[in-house]
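# Per-entry structural report
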Amino acid sequence: MLPMVSQMPLLNAAALPLRSVQTITGSVLVVAPHPDDETLGCGGAIALLRTLGYPVQILVMSDGTMSHPRSLKYPTPRLQALREAETLEAMSILGVSEAAVTFLRLQDGSIPTSTSPGRQEVVARCRTWLEPLQPATIFLPWRADPHPDHRATWTLMRAALADFNEAPRMIEYPIWDWDPEQQGALANFTQVMGWRLDIRSMLETKQAAIAAYRSQTTNLIDDDPDGFQLTPEMLANFARPWEVYLEEMP
Ligand SMILES: [Zn+2]
């Protein structure tokens, strides 16, 4: 029996039990609210799964263009193209082909929540896309992530999967797991357990894939005072030899 997360906050993530990647079965889908979440949260898992020959699909929900909303050098279409190219490069490093990556191109910052107009249409799009795929395992953002797009992605995908005959295994990944708000939120989910995946053998590969996101990790886009950049402090959270996953008890 694995310990419940509510009794073991993520601050002590290093104490969570380790699970083998081979406990994952079948075809795998990784859902990213923004281009880079799949690599930051699950880069080690993706590389491990691909090394073992698992089919892995990537679904990127938003276009990522809110990272630098005021850049003149990178207006929205150019920034979107850049971020998609970065995703494809990162996935190539992790062993995922271009054909296995889908961009839904929802507006960054506006992934529909349960009360947004137009949500049903997006749910239907996701369902239509998921039906022929029938993934056995889905990696989703952690449902209580402080970023609204991450939480909205979780609820959207759950809605899109609601009518499936066989529910896939759903594994959630935290991104901003050092955030105090999220640490507090964990106590509300008593049915959720946490575990770690040892990614030591893939750590360099994961770091190379993260570095492919130059728009997020360097000064490549230097003309937006509101531009987002992953700081060395943030990046340190993704340089651990393990990844944390959260999963609902059956
Ligand atoms: Zn994100």
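The coordinates are above.
So, a few notes on the structure that sits alongside this text. (Residues numbered from 1 in each chain as written. Predicted model: local features only at pLDDT ≥ 70, side-chain atom pairs only at ≥ 80, totals over all residues. Heavy atoms only, no water.)

### Observations concerning the overall build of the chain
Counting secondary structure elements, the chain contains eight helices and eight strands. With respect to the principal axes defined by its C-alpha atoms, the chain has extents near 55 × 40 × 35 Å. The buried share of the chain, taken over its 250 residues, is 53%. Within the chain, contacts between residues at least 6 apart in sequence are counted, and of these 84% link residues at least 24 apart. (Helix = DSSP H or I, 4+ residues; strand = E, 2+ residues; numbered from the N terminus. Buried < 20%, exposed > 50% of the residue type's maximum accessible area, 1.4 Å probe, protein only. Contact = heavy atoms within 4.5 Å.)

### As for the nonpolar core
A general trend in soluble globular proteins is that nonpolar side chains are found buried together. In terms of nonpolar packing, the biggest core is built from 40 residues, with Val56, Ile58, Phe139 and Tyr245 touching the most fellow members. Apart from residues no more than four positions distant in its own chain, valine 56 is found in contact with Val28, Val30, Ile46, Leu49, Arg50, Val96 and Ala100. By size, the runner-up hydrophobic cluster in this structure holds 21 residues, among which are Val31, Ile138, Leu140 and Leu156. (Core = buried A, V, L, I, M, F, W, Y, C linked by side-chain atoms within 4.5 Å.)

### A word on the packing of helix H3 (residues 119-130) against helix H4 (residues 148-161)
The N-to-C vectors of H3 and H4 enclose an angle of 60 degrees; their axes lie 8 Å apart at closest approach. As summarised for this structure, H3 and H4 are arranged oblique, according to the angle between their axes. Like other packed secondary-structure pairs, H3 and H4 cross with a definite hand, here right-handed. From H3, Arg119, Val122, Val123, Cys126, Arg127 and Leu130 reach across to H4, where they touch Thr155, Leu156, Met157, Ala159, Ala160 and Leu161. Partitioned by chemical class, the residues of the contact of H3 with H4 number nine nonpolar, one polar and two charged. (Axes fitted to C-alpha atoms, helices over the stretch in contact; angles between N-to-C directions. Parallel < 35°, antiparallel > 145°, perpendicular 65-115°, else oblique. Left-handed = near helix turned anticlockwise from the far one by under 90°. Nonpolar A, V, L, I, M, F, W, Y, C, P; charged D, E, K, R; others polar.)

Any functional reading would require information beyond the geometric quantities listed.
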